[in-house]
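Descriptive structure summary
Below, each chain spelled out in residue letters.
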Amino acid sequence: MSARFLLKVVVALFVLPMIALAQVAVKITSPQNGAQVSGTLVVSGTSSGATVVSFAVDNGAFARANGLDPWDVVFEPGALAAGSHKFIAAAENGQSQTARDSITVTIAAPPPGSQNITYHSSVDGEALTALLWVPKNFDPQAGKVPLFIYLHGGGGVGTLNSATTGELDTRGWIGLAPDGRRWNLANQGCTWQTSAAYVNNPDPDVGPGEQDILDVITWAKTNFPIDEDRIYLSGFSMGGRGTYIIGLKNPDLFAAIAPLSPASDMYEIFVRRPEPAACKEGMAGGKPNDSPFVNTMYAITSGRFLLENAHNLPVYHGHGTQDGVAYNIPTAGQYQHGAHMLMDTTWSGCHDNMNFCFGHTPTLSELHARHPQGYDWAFMFTPVGHNADGKWIQGTTPASGISGVVDPQNPGKLLGQMEFLSRHRRIRDPLTVVYKSYTDTHRKAYWVELDIAKPWTNTPGAVRATRKPETNTLEVELSRADTAAFDLALAALAVSQAKPLTILLNKLIEPVFDPALDASGETLQPALVLRGDFSSLVSVAVLANGAPLPQASIKFAADKIILGPITISGATTLLVSAETATSVDSEADGALPTRFALEQNYPNPFNPSTVISFQLPVNSHVTLKVFDVTGREVATLIDGAMNAGAHAALFDASRLPSGVYFYQLKAGQFTQTRKAMLMR
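Residues numbered from 1 in each chain as written. Predicted model: local features only at pLDDT ≥ 70, side-chain atom pairs only at ≥ 80, totals over all residues. Heavy atoms only, no water.

1. Structural notes on the sheet that holds strand β2 (residues 36-37)
Taken in spatial order, the five strands line up as β2-β9-β8-β4-β5 in an open sheet, and their pairing is mixed. Of all strands in the sheet, those with a lone pairing partner are β2 and β5 (63-64), marking the two edges. Relative to strand β9 (residues 98-107), β2 runs parallel, the two sharing two bridges. Bridge pairing links Gln36 to Thr106 in β9. (Pairing = 2+ DSSP bridges. Helix = DSSP H or I, 4+ residues; strand = E, 2+ residues; numbered from the N terminus.)

2. Considering the pairing of strand β25 (residues 432-437)
A large share of β25 lies buried, amounting to six of its six residues. Taking every second residue as pointing to the same face, both faces of β25 are buried, with Thr432, Val434 and Lys436 on one and Val433, Tyr435 and Ser437 on the other. Across six bridges, β25 lies against strand β28 (residues 461-468) in antiparallel orientation. Residue Lys436 lies in a different strand from β28, and its bridge partner there is Ala462. (Buried < 20%, exposed > 50% of the residue type's maximum accessible area, 1.4 Å probe, protein only.)

3. Some thoughts on the sheet that holds strand β3 (residues 41-48)
Taken together, the four strands give an open sheet; going across it, the order is β1-β3-β7-β6, and neighbouring strands pair in antiparallel fashion. The open sheet terminates on both sides in strands that have one partner only, identified here as β1 (25-30) and β6 (66-67).

4. Overview of the side chain of Asp169
Examined against the element boundaries, Asp169 turns out to sit in helix α2 (residues 162-171). For the buried Asp169, which has no salt bridge, the nearest side chain bearing the opposite charge is Lys136, at an N-O separation of 4.4 Å. Those residues in contact with Asp169, other than ones at most four positions away along the chain, are Trp133, Val134, Pro135 and Lys136. (Lys, Arg positive; Asp, Glu negative; His and termini not counted. Salt bridge = Lys/Arg side-chain N within 4 Å of Asp/Glu carboxyl O. Contact = heavy atoms within 4.5 Å.)

5. Observations concerning the pattern of salt bridges
In a structure, side chains of opposite charge can pair up when their charged atoms sit close to one another. This structure, assessed with the given rule, holds 28 salt bridges. Note that Asp227 is salt-bridged to Arg425, the shortest N-O span being 3.4 Å. Taken together, the positions of Asp227 in strand β16 (residues 226-236) and Arg425 in the loop between α11 (417-422) and β25 put the pair 198 residues apart, joining distant regions of the chain. Among the residues examined, Asp227 registers a relative accessible area of 12% and is labelled buried.

6. Here's the deal with the nonpolar core
Soluble globular proteins tend to bury their nonpolar side chains together. If you look at the biggest cluster of nonpolar residues, it comprises 79 residues, and the most contacted ones within it are Leu147, Ile149, Leu176, Trp183, Tyr244, Ile246 and Leu364. For this core, the element with the highest residue contribution is helix α3 (residues 209-223), accounting for six residues. Each residue touching Leu364, except ones within four places of it in the same chain, is listed here: Tyr244, Leu307, Ala310, Val315, Met341, Leu342, Tyr375 and Trp377. With 39 residues, the next largest nonpolar core counts Leu474, Leu478, Ile503 and Leu549 among its residues. (Core = buried A, V, L, I, M, F, W, Y, C linked by side-chain atoms within 4.5 Å.)

7. Description of the environment of Glu449
Its place among the elements puts Glu449 in strand β27 (residues 448-452). With 178 residues separating them in the primary sequence, Glu449 and Phe627 have C-alpha atoms 40 Å apart. Within the structure, the side chain of Glu449 is placed 3.1 Å from the side chain of Arg531, a separation counted as a polar contact. (Polar contact = N/O pair within 3.5 Å; in protein donor to acceptor, adjacent residues only side chain to side chain.)

8. Let's talk about empty space enclosed by the protein
The final tally for this structure, using the stated rule, is three cavities of 30 Å³ or more. In terms of lining residues, the largest cavity is bounded by Tyr119, Leu128, Pro178, Gly180, Arg181, Ser195, Tyr198, Gly209, Asp212 and Ile213. For the lining of the largest cavity, the element with the highest residue contribution is α3, accounting for three residues. Classifying every residue of the lining of the largest cavity gives five nonpolar, three polar and two charged. Size it by volume and the second largest cavity reaches roughly 60 Å³. Surrounding the second largest cavity, Leu248, Lys249, Ile300, Leu306, Asn309, Tyr435, Lys436, Ser437, Tyr438, Thr439 and His442 form its lining. When contributions to the lining of the second largest cavity are tallied by element, the ones reaching two or more residues are α4 (238-249) and β25. Looking at the lining of the second largest cavity, the element that brings in the most residues is β25, giving three residues. Its residues assigned to classes, the lining of the second largest cavity comprises five nonpolar, four polar and two charged. (1 Å grid on protein atoms, 1.4 Å probe; cavity = no way out; pocket = protein on both sides within 12 Å on 5 of 7 lines; lining within 4 Å. Points joined across faces, edges and corners; volume = space filled by probe spheres on them. Nonpolar A, V, L, I, M, F, W, Y, C, P; charged D, E, K, R; others polar.)

9. Section: α2
Among the residues making up α2, those that are buried are Ala163, Thr164, Thr165, Glu167, Leu168 and Asp169. On the buried face of α2, the contacting elements are β11 (127-134), β12 (145-151), β13 (174-178), α10 (390-394) and α11. Looking one or two residues beyond α2, the residue adopting positive phi is Gly172, at roughly 75°.

10. Quick look at the state of the cysteines
If you walk through the whole model with that rule in mind, you get two disulfides. Disulfide pairing is shown between Cys190 and Cys279; the S-S distance is 2.0 Å. The disulfide joining Cys190 to Cys279 has a torsion of about 105° about its S-S bond and is therefore right-handed. Here Cys190 is found in the loop between β13 and β14 (200-201), whereas its partner Cys279 is found in helix α6 (residues 277-284), with 89 residues between them in sequence. Considered together, Cys190 and Cys279 belong to a single accessibility category, that of buried residues. Disulfide partner of Cys350: Cys357, at an S-S distance of 2.1 Å. What sets the handedness of the Cys350 and Cys357 disulfide is the S-S torsion sign, and at about 120° it is right-handed. Residue classification places Cys350 among the partly exposed residues on the basis of a relative accessible area of 31%. With a relative accessible area of 36%, Cys357 lands in the partly exposed category. (Disulfide = S-S within 2.5 Å.)

In structure tokens form, the structure reads like this:
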């Protein structure tokens, strides 16, 4: 064979496949470019020479379309926000050849009234549905609007009654009523086809009921201009129970909640209600006392055991006084899901012939009476059975058999749910945070995080923290805490050399809280985490009740300072100060203090502790003492040799009476005295 023939064969072998390769093409055929669309949207098109067709919206991630030629992508109502969107179709053949086509469409604003929408679970991607209510005259360009979420009871689906939709229209609020996911408990004997658990259960037969509700809120914020400071949660029966437990686990998400005829104690529901075991036991994973996990599930599905968390979450509770389902009949001896949550301070709850006894858990009236700066609540009881009374929603005039809270802005009327909700906005950065938890999955509220010592053992832990920016003080009370963390930026607190942070630590001992939180006889050794920007720090020093905390108990990074574990047996005062790279560089350059100085204590007036700062230009023997107005020495804070530099000492006056005190610094031949005021 000639060389020329071989060359022709080789060339043909390489050229022929290239000639046979089909060109890749893709086209969007519907809708037309520039179209305005609404309702269920089907984007469809054709392709040729492709092995895969993918689709993207607004330059987002590509996902595979349905089919090749033709192909389509379906968007349920509400899946895309109103406004302009760019659709991009891409085809490829697996050999690096691609083609694209794109159009721009406008999604019309949803019409007023009700419609069904589809959203997707962030946990497992399941398609979920809800009833959407768009108020009359809604204008998406007019500004942010409140969001009202309504949870259905056992056996129900998402609905909004006429009294509620009338209020939504009048107030211009968006309404959403989730249907709940279809759960496998319905195949095991539960008569409820859709979930009414409203709790995140790892059992796939139950599913992430709480997250499903949080996901529909995310959907609303994506598709409407929702005012995040005015998101309200309500529900009826098991949905009222869901309102309590979701709201109290996430108090920093909602402006206020309104449980209606709620089942507030799942132990009582287990003992008394006739629903199939597949419903009652299925939601919690078994019968009470089957395991610590099951008992924990009963607790976290009962608003009764989470009520302490309502410190910054206003609650409106509506209930019938003839309700024999979520029991609230005053003349009966059973647990009352309304009165025993709100105002009956005498009862001590036991169910099933003393098998489940929990003592007197708090009522909102007790909590508010002891802590009037928090626990805002209102109620209405009317003589109805287990059904939603329109009077609760809209308010009513006083009448026989009806009790409630008089509307302070309309004294001739009892306050209704919607008016109560409308007067509250979310508190973003409260001065005091109370957070109780039974698990390691609910651990954060506002500027506080809590890791409890014994999660999922039905052994609750809690934190109560109060920030005082004016004195740079953090008051912390803990029960069964493994770690407590605080976002100092959100709390408007700081750690620096010039401005040390005072932390007042103690065990949480609160007579009106759940008796299960009383851990006064248990060892408490938490770690404290201070979160913030500490990138400029080179050292951190801590005084614990005046004594240096060992350096092994102090760790810090650019974003946090970790202290402890710290043993807390009683009142403990920490003084946290820090040195920055700037101050170290100054000292390295010889920029030590040029004179002796005693600074004014901070804070002043103070209660019960304050920081006294001073400067030494040279190494000196130092005494720092405190005297009362008679000249009697009440404290020696320092007595010893100290290096030149800036220093600080903590004066703890917790055992001293209010009044004027004098503190005196002696260093070598230098003496200076200043005045401090202890004001309780």
